Amino acid sequence: MDSILNKLKQEFNQQTVLNKLIYINVGLFLLFSILSVFSFMFQFDLSPVLDQLYLPAENSKLLTKPWSFITYMFLHNSFLHLLFNMLWLHFAGKIFLQYLKPKQLLITYVLGGVSGGLIFIIAYNYIPALSTNINEAETLGASAAVLAIVVAIATYSPDYNISFPFLGFIKLKHIAIFSVILDLLSIPKGNAGGHIAHL
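For every chain, the first residue of the written sequence is number 1, and numbering continues from 1 onward in sequence order. The model is predicted, so local features are restricted to residues of pLDDT at least 70 and side-chain atom pairs to those at 80 or more, both for listing and for counting; the totals for chains, interfaces and linings are taken over all residues. Side-chain numbers here rest on the full set of heavy atoms in the structure, without hydrogens or water.

Colleague: Quick one: what's the story with the overall build of the protein chain, residue by residue and with numbers?
Modeller: Numbering of helices and strands runs from the N terminus, with a helix taken as a DSSP run of H or I at least four residues long and a strand as a DSSP run of E at least two residues long. For the protein chain, the helix and strand inventory stands at 11 helices and four strands. Put simply, the radius of gyration uses C-alpha atoms, and a globule should come to 2.2 Å times the residue count raised to 0.38. The C-alpha radius of gyration of the protein chain comes to 18 Å, within 12% of the 16 Å expected for a compact globule of 199 residues. Considering only C-alpha atoms, the protein chain reaches an extent of 55 × 50 × 30 Å along its principal axes. Taking all 199 residues of the protein chain together, 38% fall into the buried category. Look at the contacts in the protein chain between residues 6 or more apart in sequence, and 64% of them connect residues 24 or more apart. Here the protein chain has roughly 11900 Å² of accessible surface; of this, 69% comes from carbon and sulfur atoms. Buried, partly exposed and exposed residues are distinguished by accessible area as a fraction of the type maximum, computed with a 1.4 Å probe on protein chains only: under 20%, between the cut-offs, and over 50%, respectively. Residues count as neighbours in contact if any of their non-hydrogen atoms are within 4.5 Å of one another. Only the protein chains shown count as cover for residues, and the accessible areas themselves come from Shrake-Rupley with a 1.4 Å probe.

Here is the structure:
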């Protein structure tokens, strides 16, 4: 067992920052998916553990778990949620690393996630349409962190062309603008806090 863990550790250490971020997100999703199977079979409640990792909107809850500013951005509530975020991260991260350093990618990911979390909390505390649900509101997912990377590289290299089947070449700045507009228009249609965090 030790040799397997050491081999996995060596393999992980040899990866790029981009791959490490993807592996951490996928690994945590698999871990909690497996734990949820055992939770179902042996009838124990996993929600107190997850509740410690999700980012709450309510200030008094946040004060008891400040680490959730980091943990929330590595967790996903469904396979599709994970898949789309990791595809975005891989796509934008590869372009990002053509121009900027791996450390800058990591910083952008973390600061994007933290900023998204702050906007989420501010929105639930000050926007009337959201504040009625503040006690139950919590968020998770890498979307804010990933979109920070998309917008950062689109700002740095706006005219970078990407080829899409049936559509031809589309500039990176247009993809970023479309993503931002889509989130903005999606606010009243469900998951308002999540879409605001993306912005």
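Colleague: Before we move on, can you summarise the side chain of Ser39 with the specific residues and values?
Modeller: Among the secondary structure elements, Ser39 is positioned in helix H2 (residues 17-42). Note on Ser39: relative accessible area 13%, which makes it buried.

Colleague: Now, about unusual backbone geometry: what can you tell me, with residues and values included?
Modeller: The general pattern is negative phi for most residues beyond glycine and trans for most peptide bonds. Backbone geometry at Gln43 places phi at a positive 55 degrees, although glycine is not the residue there. The exposure class of Gln43 is exposed, given its relative accessible area of 65%.

Colleague: Let's hear about helix H9 (residues 143-156): which residues, and what values?
Modeller: In this analysis, the expected span of each helix is defined as 1.5 Å times one less than the number of residues it contains. With 14 residues, H9 extends 20 Å between its outermost C-alpha atoms, agreeing within 8% with the 20 Å of an ideal straight helix rising 1.5 Å per residue. The complete set of buried residues in H9 reads Ser143, Ala144, Ala145, Val146, Leu147, Ile149, Val150, Ile153 and Ala154. Next to the buried residues of H9 lie helix H6 (79-99), helix H7 (102-126), helix H10 (172-186) and helix H11 (192-198).

Colleague: Describe the pairing of strand S3 (residues 161-164), naming the residues involved and giving the relevant values.
Modeller: Pairs of strands are assigned from DSSP output, requiring at least two bridges between the strands. Here S3 pairs with strand S4 (residues 168-171) via four bridges, running antiparallel. When the sheet's bridge partners are listed, Phe164 is paired in S4 with Gly168. If you look at the hairpin formed by S3 and S4, you'll find three residues sitting between the two strands, and Phe166 has a positive phi there, around 70 degrees.

Colleague: If you had to explain the packing of H6 against H7 to someone new, which residues and values would you point to?
Modeller: At a minimum axis separation of 9 Å, H6 and H7 run at an interaxial angle of 140 degrees. Taken together, the axes of H6 and H7 lie oblique to each other. Regarding H6 and H7, the two cross each other, and that crossing is right-handed. Residues Leu89, Gly93, Phe96 and Leu97 of H6 touch H7, and the partners they reach there are Pro102, Gln104, Leu105, Thr108 and Tyr109. Per-class residue counts for the contact of H6 with H7 are six nonpolar, three polar and no charged. To get an axis, a line is fitted to the C-alpha atoms, and for a helix only the part in contact is used. The angle between two axes follows their N-to-C directions and goes from 0 to 180 degrees. Roughly parallel covers angles under 35 degrees, roughly antiparallel covers those over 145, roughly perpendicular covers 65 to 115, and oblique covers all other angles. The sense of a crossing depends on the near helix, which, turned anticlockwise from the far helix by less than a right angle, makes the crossing left-handed and, turned clockwise, makes it right-handed. In this classification, the charged set is Asp, Glu, Lys and Arg, the nonpolar set is Ala, Val, Leu, Ile, Met, Phe, Trp, Tyr, Cys and Pro, and all remaining amino acids, among them Gly, are polar.

Colleague: Which residues make up the pattern of salt bridges, and what are the values?
Modeller: The working definition used for a salt bridge is a side-chain nitrogen of Lys or Arg within 4 Å of a carboxyl oxygen of Asp or Glu. For the structure on display, the rule yields two salt bridges. For Asp51, the salt bridge is made with Lys65, and the minimal N-O distance between the two is 3.8 Å. Taken together, the positions of Asp51 in helix H3 (residues 47-51) and Lys65 in the loop between helix H4 (59-64) and helix H5 (68-71) put the pair 14 residues apart, joining distant regions of the chain. Taking relative accessible area as the criterion, Asp51 reaches 34% and is therefore assigned partly exposed. You can call Lys65 buried: its relative accessible area is 3%. For Lys173, the salt bridge goes to Asp159, with nearest N and O atoms at 3.2 Å.

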